[in-house]
Amino acid sequence: MQEHIFVLTGAGVSAESGLGTFRDKKGEGIWQKFDPMKLATPEAFARDPESVLAFYDARRRNLINAKPNAAHFALARLERALASRGGRLTLVTQNIDDLHERAGSKEVIHMHGELLKARCQRCGAVRFWPDDIKPSYVCPHCGSAGSLRPHVVWFGEMPLSMDEIDQALRLADLFVAIGTSGAVYPAAGFVAEARAYGVPTFEINLEAADNAYCFDEARYGPASETVPAWVEELVGG
Ligand code: OAD
Ligand code: ZN
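Analysis parameters
Residues numbered from 1 in each chain as written. Chains lettered and ligands numbered in written order. Predicted model: local features only at pLDDT ≥ 70, side-chain atom pairs only at ≥ 80, totals over all residues. Heavy atoms only, no water. Core = buried A, V, L, I, M, F, W, Y, C linked by side-chain atoms within 4.5 Å. Buried < 20%, exposed > 50% of the residue type's maximum accessible area, 1.4 Å probe, protein only. Helix = DSSP H or I, 4+ residues; strand = E, 2+ residues; numbered from the N terminus. Domains from an automatic or database assignment. Contact = heavy atoms within 4.5 Å. Axes fitted to C-alpha atoms, helices over the stretch in contact; angles between N-to-C directions. Parallel < 35°, antiparallel > 145°, perpendicular 65-115°, else oblique. Left-handed = near helix turned anticlockwise from the far one by under 90°. Nonpolar A, V, L, I, M, F, W, Y, C, P; charged D, E, K, R; others polar.

Colleague: Even after reading the chapter, I still don't get the nonpolar core, so can you show me in this structure?
Modeller: Soluble globular proteins: nonpolar side chains tend toward being buried together. Counting 27 residues, the largest nonpolar core has Y56 and W154 as the members making the most contacts within it. Those elements that provide at least two residues to this core are α2 (30–33), α4 (42–47), α5 (49–65), β4 (113–120) and β6 (148–152). With 5 residues, α5 is the largest single contributor of residues to this core. Inspection of this core shows a minimum of three residues originating in each of domain 1 (1–18 + 69–112 + 159–237) and domain 2 (20–65 + 117–152). With residues near it in sequence (within four places) discarded, Y56 still touches L39, A40, I96, L115, P150, V152 and W154. Counting 23 residues, the second largest nonpolar core, distinct from the first, contains A71, L75, V108 and V235.

And the structure:
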């Protein structure tokens, strides 16, 4: 069994928990219904903070009512099993939800930020924030008004923890992408980086991602079935 597995998750892992994906064939994805340029850029926030904050408030309320599914639980099991035999799981998620943590994963790298945290644009302080954010709110850390925003990465901004991610990719024995369309960089490029480092690559997805041709192997189906089955094969028995 591989000792260090690098898993990248996307919206497909949380789809069966009722949190929408961004792009789908039926045109019902979040970015097919809402224009990301009006809701998920620093410019949109500067122009129309009410609309941007209201969009994330609605997503935060959905999240609080959602529950982790079997795919999240299986990845938490994989983390424990690898650790118990001296190995390691690097779990990098593009998801801003906390369902991996609620399923028991201890170490999760949220490269696109976290919906349940707020960040002050003035002083940079990040804190747990499960409630709505209003444009009039004052930063509890520095006292400035109107500077709080969701701690999420918007288009045009740099994803988080990129150095840590690159180091983990370099050292992995296996790279697995789960429930991600391979449409958004830099995450979509991790598979090519892994290959360049000589790491075998595996896709688990509902259907082939845009970058499916980059993977050595693939398995298709709903994450709540494919992920537990794969983890059972690796660590069961
Ligand atoms: P997408 O919505 O682009 O892709 C979701 C993927 O999940 C697709 O490949 C689907 O086939 C797959 N999928 C859907 N339901 C599934 C299920 N039940 N089981 C397994 N797979 C399923 O989501 P991401 O690739 O995560 O970034 O999107 C990447 C980034 O684009 C997001 O993090 C977000 C967005 O813009 C930011 O907001 C910065
Ligand atoms: Zn502040």
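Moving on from the coordinates now.
Colleague: Teacher, can you tell me more about the packing of helix α6 (residues 70–84) against helix α10 (residues 223–235) here?
Modeller: When two helices pack together, their arrangement is captured by the angle between the axes and the distance separating the axes. In contact at an axis separation of 7 Å, α6 and α10 are set at 20° when each is read in the N-to-C sense. On the basis of their axis angle, the class for α6 and α10 is roughly parallel. When the axes of α6 and α10 are compared, the crossing they make is left-handed. Contacts from A70, A71, A74, L75, R77, L78 and A81 of α6 reach α10 at A223, S224, V227, P228, W230, V231, E232, L234 and V235. Grouping the amino acids of the contact of α6 with α10 by side-chain chemistry returns 13 nonpolar, 1 polar and 2 charged.

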